[in-house]
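Observations on chain architecture
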Amino acid sequence: RIEGPMKTLYLIRHAIAAEHGADYPSDEARPLTDEGIERFRRQVSGLRVLDVAPEVILTSPLLRCRQTAQLLVDGLAGAVPLQTAEALRPGAHPADVLEGLGAHCRAGAIALVGHEPSMGHLAATLIEVALGFIVGAGLALVVGYALARSAVVERLLSPYLVAAQATPILALAP
């Protein structure tokens, strides 16, 4: 086991659940359908072949997610701790989910079982963060190299760099 920051995050939407209606008036009590259970079991067997091995599984407290997470635990090799996370409820904000991951930052791999569109929003936020970091780091390398090698570039960019350092930073997230 490698100690250190989390390296892998698995985002899993719950398996097919019963429709909201007369049989299940409460969204929180909707169980998985037989088809949903069977299809997810097949998917978990594929994950097992790929050696997917989360160290912890966090799930929404709603029944369909808890059932999906339990199928994941049952289908993977080894005993994986399963925990309920309120931040994975429907409509969860990506920042709340990421904050909740802080307690598990030493885990090498974490699986999150949640709902759409929240899981999609979380994936988009993570991709945007990664791309922003890559673009920012790339630009910093190019500008830093240009500043170190050219006095003309240094004279041209210095006022803008000073202004950029003096400007408050504001970040907006979905």
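Conventions we followed
- Residues numbered from 1 in each chain as written.
- Predicted model: local features only at pLDDT ≥ 70, side-chain atom pairs only at ≥ 80, totals over all residues.
- Heavy atoms only, no water.
- Helix = DSSP H or I, 4+ residues; strand = E, 2+ residues; numbered from the N terminus.
- Expected span 1.5 Å × (residues − 1).
- Buried < 20%, exposed > 50% of the residue type's maximum accessible area, 1.4 Å probe, protein only.
- Contact = heavy atoms within 4.5 Å.
- Pairing = 2+ DSSP bridges.
- Axes fitted to C-alpha atoms, helices over the stretch in contact; angles between N-to-C directions.
- Parallel < 35°, antiparallel > 145°, perpendicular 65-115°, else oblique.
- Core = buried A, V, L, I, M, F, W, Y, C linked by side-chain atoms within 4.5 Å.

**Quick look at helix H2 (residues 63-75)**
For H2, which comprises 13 residues, the first-to-last C-alpha distance of 18 Å matches the rise-based estimate of 18 Å (1.5 Å per residue) to within 8%. Within the sequence span of H2, burial applies to Arg-64, Cys-65, Thr-68, Ala-69, Leu-71, Leu-72, Val-73 and Gly-75. Contacts made by the buried residues of H2 are with strand S1 (8-13), helix H1 (34-49), strand S2 (56-59), strand S3 (82-84) and strand S4 (109-114).

**What about the sheet that holds S2?**
The sheet built from 4 strands is open, its strands ordered S1-S4-S2-S3 with parallel pairing. Since the sheet does not close on itself, it has two edges, and those belong to S1 and S3, each with one partner. Ignoring which end each strand starts from, the neighbouring axes of this sheet average 20° apart. Looking at chain direction, S2 and S4 are connected through 4 bridges and run parallel. In the sheet register, Thr-59 faces S4, and the bridge partner there is Val-113.

**Some remarks on the packing of helix H4 (residues 118-149) against helix H5 (residues 151-166)**
Viewed as axis vectors pointing N to C, H4 and H5 meet at an angle of 125°, and their least axial separation amounts to 7 Å. Between H4 and H5, the angle is such that the two are oblique. Of the residues in H5, those touching H4 at Val-143, Ala-146, Leu-147 and Arg-149 are Ala-151, Val-153, Glu-154, Leu-157 and Leu-161.

**A look at the nonpolar core**
Core analysis: the biggest nonpolar cluster contains 16 residues, and Ile-12, Phe-40, Ile-57, Leu-72 and Val-113 have the highest contact counts within it. Those elements that place two or more of their residues in this core are H1, H2 and S4. Tallying contributions element by element places H2 first for this core, with 5 residues. In this structure Ile-57 touches Ala-69, Leu-72, Val-73, Val-80, Pro-81, Leu-82, Gln-83, Ala-111 and Val-113, once residues within four positions along its chain are discounted. Within the second largest apolar cluster, 12 residues are counted, among which are Ala-85, Leu-88, Leu-101 and Met-119.

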